[in-house]
Amino acid sequence: MDSIENKPVVVNEGKNIAIIAYITIIGLIIAFVMNGDKKNAFATYHIKQSLGLALTGFALGMIGMIPILGWIVSFFGIFVIMFMWIMGLMNAINGNEKPVPLLGEKYLEWLKNLK
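Residues numbered from 1 in each chain as written. Predicted model: local features only at pLDDT ≥ 70, side-chain atom pairs only at ≥ 80, totals over all residues. Heavy atoms only, no water.

Participant: How should I be thinking about the nonpolar core in this particular structure?
Facilitator: Where a protein is soluble and globular, its nonpolar side chains tend to be buried together. Listed in full, the 10 residues of the largest apolar core are V11, A18, Y22, F42, L53, M84, L89, A92, V100 and Y107. Listed by contribution, the elements that provide at least two residues to this core are α1 (2-21), α3 (41-63) and α4 (69-94). Broken down by element, this core gets its largest block of residues, 3 residues, from α4. Setting aside anything within four residues of it in sequence, one finds V11 in contact with F42 and G95. (Core = buried A, V, L, I, M, F, W, Y, C linked by side-chain atoms within 4.5 Å. Buried < 20%, exposed > 50% of the residue type's maximum accessible area, 1.4 Å probe, protein only. Helix = DSSP H or I, 4+ residues; strand = E, 2+ residues; numbered from the N terminus. Contact = heavy atoms within 4.5 Å.)

Here it is as structure tokens:
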């Protein structure tokens with residue numbers, strides 16, 4: 001029961017850090033450093049989601065170096081990444097701990113050791 005009562009406090013404290021995490025790679029680094037001393041569960045959740053999106057974007061960039069097929073995959077992948085990014089940012093703004101569509105659950109699984 002105690003964790004349910006503290007949930008709004010945790011969300012409010014970590015909301016700014018969570019939003020910053022979605023604003024470019026520099027914002028992700030800043031959010032990671034800001035969350036370093038006083039760990040906030042809400043901020044950590046969104047940092048994991050944002051890091052997953054960044055790594056997926058990097059992988060998509062590598063695929064984009066392959067002529068023809070890679071260009072096509074990269075072109076359509078950019079729109080998917082943008083959709084996922086917008087959904088993650090909106091979840092952070094609204095104080096929701098929902099994974100981004102498609103790969104959000106995998107990001108949590110892959111980055112479970114990130115505290």
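Participant: What am I meant to see in the packing of aromatic side chains here?
Facilitator: Any aromatic ring pair is given by two values, namely how distant the centres are and how the planes are angled relative to each other. Scanning all chains against the criterion turns up 3 aromatic pairs. Here the aromatic rings of F75 and F79 are separated by 5.2 Å at their centres, their planes lie at 80 degrees, and the arrangement is edge-to-face. Placement of both F75 and F79 in helix α4 is noted, with a separation of 4 residues, approximately one turn of the helix. What makes F75 partly exposed here is its relative accessible area of 46%. Relative to W110, the ring of Y107 lies with its centre 6.3 Å away and its plane at 55 degrees, an arrangement referred to as tilted. Of the two residues, Y107 and W110 both sit in helix α5 (residues 104-110), 3 residues apart, roughly one turn of that helix. (Phe/Tyr/Trp six-rings, centres within 6.5 Å; stacked < 30°, edge-to-face > 60°.)

Participant: Just checking my understanding: could you explain the packing of α3 against α4 for this structure?
Facilitator: Angle between the axes and distance between the axes: these two values describe a pair of packed helices. Viewed as axis vectors pointing N to C, α3 and α4 meet at an angle of 170 degrees, and their least axial separation amounts to 9 Å. Relative to α4, the element α3 lies roughly antiparallel. Contacts from F42, H46, L53, T56, G57, L60 and I63 in α3 reach G70, V73, S74, G77, I78, I81, M84, W85, G88, N91 and A92 in α4. (Axes fitted to C-alpha atoms, helices over the stretch in contact; angles between N-to-C directions. Parallel < 35°, antiparallel > 145°, perpendicular 65-115°, else oblique.)

Participant: Even after reading the chapter, I still don't get the pattern of salt bridges, so can you show me in this structure?
Facilitator: Working definition: two side chains of opposite charge can pair if their charged atoms are close together. Counting across every chain of the model gives 1 salt bridge. With its nearest N and O atoms 3.8 Å apart, the salt bridge here joins E109 to K106. Of the two residues, E109 and K106 both sit in helix α5, 3 residues apart, roughly one turn of that helix. Residue classification places E109 among the partly exposed positions, given a relative accessible area of 45%. (Salt bridge = Lys/Arg side-chain N within 4 Å of Asp/Glu carboxyl O.)

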